[in-house]
Amino acid sequence: MFIGIILALAAGALVGVQNMFNNKVNQASGGWSTTALVLGMGFAASLIMGLVFEGKALFTAQPMQTWFWFSGILGVGVVTCLVQGVRRLGATLATAIAMASQLICALWWDSLGWFGLEQVPFTLSKGLGALLLIGGVLVFKFGGVSRAKETSEAV
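Residues numbered from 1 in each chain as written. Predicted model: local features only at pLDDT ≥ 70, side-chain atom pairs only at ≥ 80, totals over all residues. Heavy atoms only, no water.

### Observations concerning helix H1 (residues 2-29)
Between its first and last C-alpha atoms H1 spans 40 Å; for 28 residues at 1.5 Å apiece the expected length is 40 Å, and the two agree. All of the buried residues in H1 are Gly-16, Asn-19, Asn-22, Asn-23 and Asn-26. In this structure, the buried side of H1 is in contact with helix H2 (31-54), helix H3 (71-89) and helix H4 (91-112). Of the residues trailing H1, Gly-30 is marked for its positive phi of about 105 degrees. (Helix = DSSP H or I, 4+ residues; strand = E, 2+ residues; numbered from the N terminus. Expected span 1.5 Å × (residues − 1). Buried < 20%, exposed > 50% of the residue type's maximum accessible area, 1.4 Å probe, protein only. Contact = heavy atoms within 4.5 Å.)

### A short note on unusual backbone geometry
Non-glycine residue Phe-115 carries a positive phi angle of around 60 degrees. Counting through the fold element by element, Phe-115 comes out in the loop between H4 and helix H5 (124-142). Residue classification places Phe-115 among the partly exposed residues on the basis of a relative accessible area of 49%.

### Some thoughts on the confidence of the model for the chain
Taken residue by residue, the chain gives an average pLDDT of 88. The fraction at 70 or more is 93%. Here helix H6 (residues 147-154) stands out as the element of the chain with the lowest mean pLDDT, 57, in contrast to H2, whose mean of 94 is the highest. (pLDDT = per-residue confidence, 0-100.)

### Here we look at the packing of H2 against H3
Close contact between H2 and H3 brings their axes to 9 Å; oriented N to C, the two are set at 130 degrees. Considered as vectors, H2 and H3 are oriented oblique to each other. Handedness of the H2/H3 crossing: right-handed. Where H2 abuts H3, its residues Gly-31, Trp-32, Thr-34, Thr-35, Val-38 and Leu-39 lie against Gly-75, Val-76, Val-79, Thr-80, Val-83 and Gln-84. (Axes fitted to C-alpha atoms, helices over the stretch in contact; angles between N-to-C directions. Parallel < 35°, antiparallel > 145°, perpendicular 65-115°, else oblique. Left-handed = near helix turned anticlockwise from the far one by under 90°.)

### Digging into the packing of aromatic side chains
By the definition in use, this model includes 5 aromatic pairs. Centroid distance Trp-108 to Trp-114: 5.2 Å. Interplanar angle 45 degrees. Geometry classified as tilted. The class for Trp-108 is partly exposed, based on a relative accessible area of 46%. Each ring, one from Trp-109 and one from Phe-115, has its centre 5.3 Å from the other, and the planes form 85 degrees; the classification is edge-to-face. Trp-109 gets classed as partly exposed once you look at its relative accessible area, which sits at 29%. Through a chain of ring-to-ring contacts, three or more aromatic side chains come together here, namely Trp-108, Trp-109, Trp-114 and Phe-115. (Phe/Tyr/Trp six-rings, centres within 6.5 Å; stacked < 30°, edge-to-face > 60°.)

Okay, structure coming up:
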């Protein structure tokens, strides 16, 4: 479990850094070229690392539902939506909203056992945890007075 927590923390940190990097690429080249660049470089890095660490086993897959093979297409939506969200909302707010959405959807899909997941019963504590996360995003966005607002009102 400890290693899983460390890996999940690393994934969150990497997504945060990637969002900021993607935003800078988007400013220089545009949304679709950013998506193509990000996913293309990810493909190349994955292929090289897979060959180094797994060799021929990289190309071995167990039978699964056909639609799962197209999960990379979802990456186009992820990158495109996050790049545009960061551009419009800023990195922190866009990432917080994406995390809240991810948690709510994962909770929903786990509770229903969708997409081949083991069904995990919905509990009040899980629902309250999701609501607290959403509340945190709202407090982050709307709570308090921003420094820019204070400065402009003082003048």
